[in-house]
Amino acid sequence: MSTAERSVAAAMGAALDVERVRRDFPALHQEVRGRPLVYLDNAATAHKPQVVLETIQRYYAMDYSNVHRGVHWLSERATEAYEAAREKVRAFINAPDRREIVFVRGTTEAINLVAASYGGSVLKPGDEVLITEMEHHSNIVPWQLVCERTGAVLRVAPIDDDGNLVLEAFERLCGERTRIVAVTHLSNALGTLNPVRRLVEIAHAHGARVVVDGAQAAPRLPVDVQALGCDFYAFSGHKLYGPTGIGVLWARRELLEAMPPYQGGGEMIRQVTFEGSTWAPPPARFEAGTPHIVGAIGLGAAIDYLQGIGLEAIARHEHALLEYATEALAEVPGLRIVGNARERAGLVSFVFDDIHPHDVGTILDHEGVAVRAGHHCAMPVMQRYCVPATARASFALYNTREEIDALVAGLHKVRSMFGR
Ligand code: C6P
C-alpha cells in the first residue's frame, strides 16, 4: 500500500486491509517447521515493514555519519535525519515540544533513567513510590533500586481476580508521601488497559508525578501524552515495528531541565574541565555517547508507516482479533484465560491446569504458531494468580482470524498429545 493510499484509508476511518498490510512484511511469508508462520508473539517484539528495512539499508549505505559532531555534509544530513525522527516521535505522541523527546535504548532504559535521575534527586527517606501489581520487571526493579538508595518505600496497588487495578485501593495507597506513581498503560501479562487519565488525576491531587510504561500501548493505541496528563511516558521501538536498541522517553520539559544526567560522556556536556563539568540542556543531557542513529531514523520510518495506516484503525483491528480469540479460546476444553479485565487490548494469556505452558508453546511451535510461554517478566502477576507461567498470544496489525483459527487448532493438538 502506498503512503497516499494509507493516508486516505486512515482519514476515512476505513477498516484495515490486512492482506495488503501483510505484503509489507517480508518475515510473514515464510514457513517454519514446514508450516506457514503464524506469528503471535508481537508483545515480545514485532516484525518490520519493508519501508523500515529499506530506510535502515539506505541510511547505512548512503547517509551514514555521526550526528551533532561533524561540520561536513554527510554529518549534517545524518543529524537532520536524526532530528527529523525526534520530531516524528513528538507528533506521534502529541508532545508539546521536540526537546522533550529523549532517545534511549528502550522502555527499560527510559524507566531506569527516570528512576535514577528524577527519583534519585527527589526521593527522601520515608517518601513513597506507588506501582501496581501488574507491572513488568522493568517498572518494578528500577524503583526498588532507587528506593534502596534513597530510603524511600515501594508501595504496590493490588489487582482483582480478573486483572483490573483495584481503584479504591490505589486511591487509598496514594497519599501525601507518594512522590512518584509508575503504572503500565497496557499490561503485557494480562492485557489490562489501565485508566491512566484517572490515575493521573488521583496522583496529581497528591502532588505525585506519574511515569507511564507505554511499551505495549504505544504500538496498539493512539497515545496523546497531553490528554493523558502524565509526566513521563516510555516506549520501545522494536515493539512498534521499528529497530531494536532504540526507544523513547518523553518527559515534561521543566522536569527534564531540572534533572541531573543519567550517564556521562560525549555530547551531554556544556563544558568539561578537570575541576568539574556542566551539562547540555535536554534532550542532549540524557543522550551521552554516539546514539543509535539508524535506530532513531528507522523508528521514524516505522512511525510514518503506522501514521499512514492510522492508530485508530490498528486499535479497531486488534480489538476485533482479541474478541474473536477470546471467544474461540473459551471453546477449548480445559483452557482458562488469565486476565479478563473490563478494558483489554492486544493480547490474551491462558493456561491449561494440567499442561505446562512451555509444553503448549513447544507443541504450537511445531505447528508453525509462535506464542510466548513463561512469566513474561511479570513474576508478581504469576504469583498473584498462582500459576508458574502462562502461554500468551499477542496480536499485531498484520494478524488475521485465520491465524487465530490456526492457534486454536494447535491447542486442540496440544490436548490430544496429552491424551485429553
Ligand atoms: N515485554 C514481553 O514479551 P524493553 O525490553 O525495554 O523493550 O521493554 C520492556 C517492557 C516494559 N514494559 C512492558 C509492559 C513490556 O511488555 C516490556 C517488554 C516483552 O512482554 C519482553 S519481556
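Computed from a prediction, not measured in an experiment: that's the story for all the values here. Sequence order as written defines residue numbering, which begins from 1 separately in each chain. Side-chain atom pairs in this predicted model are given and counted only at pLDDT of 80 or more, local residue features only at pLDDT of at least 70, and totals for whole chains, interfaces and linings cover all residues. Side-chain numbers come from the whole structure's heavy atoms, not from hydrogens or water.

### Quick notes on empty space enclosed by the protein
Put simply, the grid is 1 Å and covers the protein atoms alone, a cavity is a trapped set of points that fit a 1.4 Å probe, a pocket is an open set with protein on both sides within 12 Å along at least five of seven lines, and lining residues have an atom within 4 Å of a point. Grid points are joined across faces, edges and corners, and a volume is the space filled by probe spheres set on the points. Evaluation of the coordinates by the stated rule reveals one cavity of 30 Å³ or more. Put simply, the largest cavity is a space of about 50 Å³. Forming the walls of the largest cavity are Val 67, His 68, Arg 69, Tyr 82, Glu 267, Ala 284, Glu 287, Gly 289 and Pro 291. Classifying every residue of the lining of the largest cavity by side-chain character gives four nonpolar, two polar and three charged. All residues other than Ala, Val, Leu, Ile, Met, Phe, Trp, Tyr, Cys, Pro, Asp, Glu, Lys and Arg, Gly among them, are scored as polar; the first ten of these are nonpolar and the last four charged.

### Quick word on the packing of helix α3 (residues 50-63) against helix α4 (residues 73-92)
Taken N-terminus to C-terminus, the directions of α3 and α4 make an angle of 160°; their axes are 11 Å apart at the nearest point. Considering the angle they form, α3 stands roughly antiparallel to α4. Along its contact with α3, which presents Tyr 59, Met 62 and Asp 63, the element α4 presents Leu 74, Arg 77 and Ala 78. When the residues that make up the contact of α3 with α4 are grouped by side-chain class, the tally is four nonpolar, no polar and two charged. Here an angle of 0 to 180 degrees is reported between the N-to-C directions of two axes, which are lines fitted to C-alpha atoms, with helices fitted over the stretch in contact. Strands are runs of DSSP state E lasting at least two residues, helices are runs of H or I lasting at least four, and both sets are numbered from the N terminus onward. Our angle categories are set so that under 35 degrees counts as roughly parallel, over 145 as roughly antiparallel, 65 to 115 as roughly perpendicular, and the remainder as oblique. Here, two residues are considered to be in contact whenever any of their heavy atoms come within 4.5 Å of each other.

### Considerations on unusual backbone geometry
Trans peptide bonds make up the majority, and among non-glycine residues the majority have a negative phi. Residue Pro 283 is reached from Pro 282 by a cis peptide bond, and omega for that bond is 5°. The phi torsion at His 376 lies on the positive side, around 55°, for a residue other than glycine. Of note, His 376 is situated in the loop between β16 (372-374) and α14 (379-384). In this scheme, a residue with accessible area under 20% of its type's maximum is buried, one over 50% is exposed, and one in between is partly exposed, where area comes from a 1.4 Å probe on protein chains only. We classify His 376 as buried; its relative accessible area is 0%.

### Quick look at the confidence of the model for the chain
Confidence scores per residue from the predictor, reported as pLDDT, run from 0 to 100. Put simply, the chain has an average pLDDT of 96, and 97% of its residues get 70 or more. Considering only residues more than four positions removed or in separate chains, one finds that residues 6-12, a stretch of pLDDT under 50, has 11 contacts.

### Observations regarding the domain arrangement of the chain
The domain architecture assigned to the chain consists of domain 1 (3-47 + 310-415) and domain 2 (56-307). If you average the C-alpha positions of domain 1 and of domain 2, the two centres end up 27 Å apart. Domain 1 puts 44 residues into the contact, and the matching count from domain 2 is 33 residues. Here domain 1 and domain 2 share an interface that buries about 3,200 Å² over both sides, 53% of which is from carbon and sulfur atoms. Area buried by domain 1 at its contact with domain 2 is led by Leu 311, Arg 384 and Tyr 385, which between them contribute 19% of it. Salt bridge criterion: a side-chain nitrogen from Lys or Arg within 4 Å of a carboxyl oxygen from Asp or Glu. Counting the contacts that link domain 1 with domain 2 gives three salt bridges. Between Asp 161 and Arg 384 there is a salt bridge whose closest N-O contact spans 2.9 Å. Pairs of N or O atoms are called polar contacts if they sit within 3.5 Å, as long as, within protein, a hydrogen donor faces a hydrogen acceptor (for residues adjacent in sequence, only side-chain-to-side-chain pairs). Connecting domain 1 to domain 2 are 27 residue pairs in polar contact (both at pLDDT 80 or more). The set of elements that each furnish at least two residues to the side of domain 1 that touches domain 2 consists of α1 (3-11), α12 (311-330), β14 (347-352), α14 and β17 (390-394). In terms of residue class, the side of domain 1 that touches domain 2 is built from 24 nonpolar, 11 polar and nine charged. Domain segmentation is taken from an automatic or database assignment of domains. Take the accessible area each of two parts loses on contact, using a 1.4 Å probe, and add the two losses: that sum is the buried area.

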